[in-house]
Amino acid sequence: MIEITLPDGKTVEYPKGSTPLDVARGISEGLARNVISARFNNRKVEASTPLETDGKLILYTWSDEEGKKAFWHSSSHVLAQALEELYPGIKLTIGPAIDSGFYYDVDFGEHTLSEKDFLAIEKKALEIARGKHDFRMREVSKKDALGYYEKEGNPYKVELIENLEDGDITFCDHDTFTDLCRGGHIPNTGLIKAFKVLSVAGAYWRGDENRPQLTRVYGISFPKQKELTEYLEMLEEAKKRDHRKLGKELELFTFSQKVGQGLPLWLPKGAALRERLEQFLKKAQKKAGYEMVVTPHIGQKELYVTSGHYAKYGEDSFQPIHTPREDEEFLLKPMNCPHHCEIYRATPFSYRELPKRYAEFGTVYRYEQSGELHGLTRVRGFTQDDAHIFCTHDQVESEFMNVIDLTLYVLGSLGFDKFTAQVSIRDPENPDKYIGDTANWEKAEAAIINAATEKGLDFVIEPGEAAFYGPKLDFMIKDALGRQWQLGTIQVDYTLPERFDLTYKGSDNELHRPVMIHRAPFGSMERFVALLLEHTGGNFPLWLTPQQAIVLPVSEKHEKYAQKVLNSLENHEIRALLDARSETVGRKIREAEMGKYPFMIIVGDQEQADGTISVRRHGGEDLGSITVEALSGLVNAEINSTLKSF
RNA sequence: GCCGACGUAGCUCAGGGGUAGAGCGUUUCCUUGGUAAGGAAGAGGUCACGGGUUCAAUUCCCGUCGUUGGCUCCA
């Protein structure tokens, strides 16, 4: 007998060789029907894996993340079998589960897969699924495993196996299909009731652009047809929150082929929104001791040679601008920091004057690869809410924490309560990617981790994600489709002060090297507005929205009173406008709803006689007839509840 | 940059080898209206651009540009 400990701490005894499924059956028939995967002594096992020792067992169903992963991973096997049957001779590579669904990377040889082929693949996959084939794991020696794939002529699998230890290699069989596999499957293919191929994309083998490009087939599957339908509906809903669509509808920004790809044009409403965001941050920054500076959009090439940006990015960036007579070389500025370093250098500082905090809404230009451009989230010209803090070594940690506070304040004021904090450090395998000496890197990495820990941030550490000059703390936010984007960023930098020979006079009357902190709570205005749009669906917080109210006179004879109401609203500092068109109230309300105005103010005979306004909230709530003063009270209360002072 | 898809009126989209359609918007006129579309008439398109095939191309083929889903990249 073996002793199995369940997650609730209860222990049960089973004969040696019993499976997780047996244990589930012991708990309830219902659980046994739903259990699709398990973890034993913290190792992923199949529901059918015989358990040979005492240990801790966790059973997973579709409602667990692990269960879903097992479900989707198993589905990728089914996808692979379907593809092999439809396109004999293809070479399979890897096929993992992802956050939503799974993919399989396949070398199709000459064949190009396109959307037209999806239906046939889905049909075949469901046919396989309906066969209720068991997934069976078996151990294979390295020699046999290599032999199997060499015979198949599949260099990808051979390469994978070569990197595995003998004795640690398993294959998974189901039906007529065999795949190299680490495990983590559902009991049989029959659980897959709904199967959809979502898209195809190119993907480089092992993520290396110098290696062959494979075809990645994305799919998703579910235990119930209804769940697939719901998932597809969810995708449709997410599309409605796409910032590119909302930006167009709300007339915030546009692009022009003539101006150039990746170069956003801000329309009046979008510019007003940006302006408001900038004012909001400027106010907080002023309190936090920042000083605004202004620098030009171009800088001598030499400036970036000094900073190290030219060596790192010069080749694949916008090329230098040459002046006609003297052949000077200028670059569009890709970063504000070199300029700010020169501002720091303009004045000699004593340690008593540090930290210096220079802030600028600085527009920068970067040559992003054309395939990378995406709405406002990835552009070639954008404005950073940039600042550089020059401080002593002793001040780094407290300054860093101050910046975390500011960033959290910014995110909180805008309703971003879900974010990931990511500490990006060096890639230990690739030291050549970075400049600066190791001791400083270690110091900087430690300072960031300390500050983040001190501030109680729940963060993940990502090796290899650091900037080339220093480690950073990034605040990542997901868009409507769940793709993660970096917004706020804080970076410690010991290198640029060195390169620009920045100094301050210490208490010992000697010159010392300051440390620099780069930071941008929004990240860029463009990306921030994009994510804000996707999060709010265009319904911005009241303090930020370009127009808080719209006055809708019932008929033309109420226009005069409406104008009076508008003036009164403006006197109460409510941003409002008047819709005096010769349209029915019904239409004006409909359009105001679609325009996402928070308050609709309807004025007709009644209101004119009483000196009141009739207020409808966006979404339909009727606040009845009230005075402008009362509305002003409501507006202020709501603003004060979301927008705390810093 | 690479792989796939897409590009028809201001917007959303239908169509298809014989030089184009809808809804919304816009313009004009009528209507003066009470909480999500009042009515009528009109204007508006080198079917992204450039080649090729064809008697004929917006439609088929190739290329370019742009957009897009991914990959790589992201100071």
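Higher on the page you've got the structure.
Just so we're clear, the structure is a prediction, and the values are computed from it rather than from any experiment.

A. Seen up close, the sheet that holds strand 22 (residues 420-425). Pairing within the open sheet is mixed, and its eight strands lie in the order 16-20-21-28-25-24-22-23. Of all the strands in the sheet, just strand 16 (291-292) and strand 23 (459-463) have a single pairing partner and so form its edges. Pairing of strand 16 with strand 20 (residues 356-365) involves two bridges; the strand directions are parallel. By the bridge assignment, Met292 is partnered in strand 20 with Ala359. Contacts from helix 9 (residues 268-287) reach strand 16, strand 20, strand 21 (381-391) and strand 28 (515-520), with the element oriented near 160° to strand 20. Against the sheet, helix 14 (residues 438-454) touches strand 22, strand 23, strand 24 (472-478) and strand 25 (484-493), its axis set at about 165° to strand 23.

B. Main features of the packing of helix 5 (residues 142-152) against helix 6 (residues 155-162). At a closest axis distance of 8 Å, the pairing of helix 5 and helix 6 adopts a crossing angle of 165°. Judged by the angle between their axes, helix 5 and helix 6 are roughly antiparallel. For the element pair helix 5 and helix 6, the recorded crossing hand is left-handed. Within the contact between the two elements, helix 5 uses Lys142, Ala145, Leu146, Tyr149 and Glu150 and helix 6 uses Lys157, Val158, Ile161 and Glu162.

C. Molecular detail of the sheet that holds strand 30 (residues 576-578). Here we have five strands laid out as an open sheet, ordered 30-29-31-32-33, and mixed in their pairing. Of all the strands in the sheet, just strand 30 and strand 33 (622-626) have a single pairing partner and so form its edges. Averaged over all pairs of adjacent strands, the angle between strand axes in this sheet comes to 25°, irrespective of strand direction. Across five bridges, strand 29 (residues 549-553) lies against strand 31 (residues 599-603) in parallel orientation.

D. Examining the packing of aromatic side chains more closely. One pass over the full model with this rule turns up 28 aromatic pairs. Note on Tyr148 and Phe171: the rings are 5.5 Å apart at their centroids and 65° apart in plane angle, and the pair reads as edge-to-face. Here Tyr148, found in helix 5, pairs with Phe171, found in strand 10 (residues 170-174); they are 23 residues apart in sequence, far enough to count as distant. For Tyr148, a relative accessible area of 30% translates into the label partly exposed. Between the aromatic rings of Phe280 and Trp543, the centroid separation amounts to 4.7 Å while the plane-to-plane angle is 40°, which identifies the pairing as tilted. With Phe280 in helix 9 and Trp543 in the loop between helix 16 (525-536) and strand 29, this pair connects stretches of sequence that are 263 residues apart. Residue Phe280 shares its accessibility class with Trp543, and that shared class is buried. These aromatic residues form a ring-pair network of at least three members: Phe280, Tyr409, Phe416, Phe522, Phe528, Trp543 and Phe646.

About the cut-offs
Residues numbered from 1 in each chain as written. Chains lettered and ligands numbered in written order. Predicted model: local features only at pLDDT ≥ 70, side-chain atom pairs only at ≥ 80, totals over all residues. Heavy atoms only, no water. Pairing = 2+ DSSP bridges. Helix = DSSP H or I, 4+ residues; strand = E, 2+ residues; numbered from the N terminus. Contact = heavy atoms within 4.5 Å. Axes fitted to C-alpha atoms, helices over the stretch in contact; angles between N-to-C directions. Parallel < 35°, antiparallel > 145°, perpendicular 65-115°, else oblique. Left-handed = near helix turned anticlockwise from the far one by under 90°. Phe/Tyr/Trp six-rings, centres within 6.5 Å; stacked < 30°, edge-to-face > 60°. Buried < 20%, exposed > 50% of the residue type's maximum accessible area, 1.4 Å probe, protein only.

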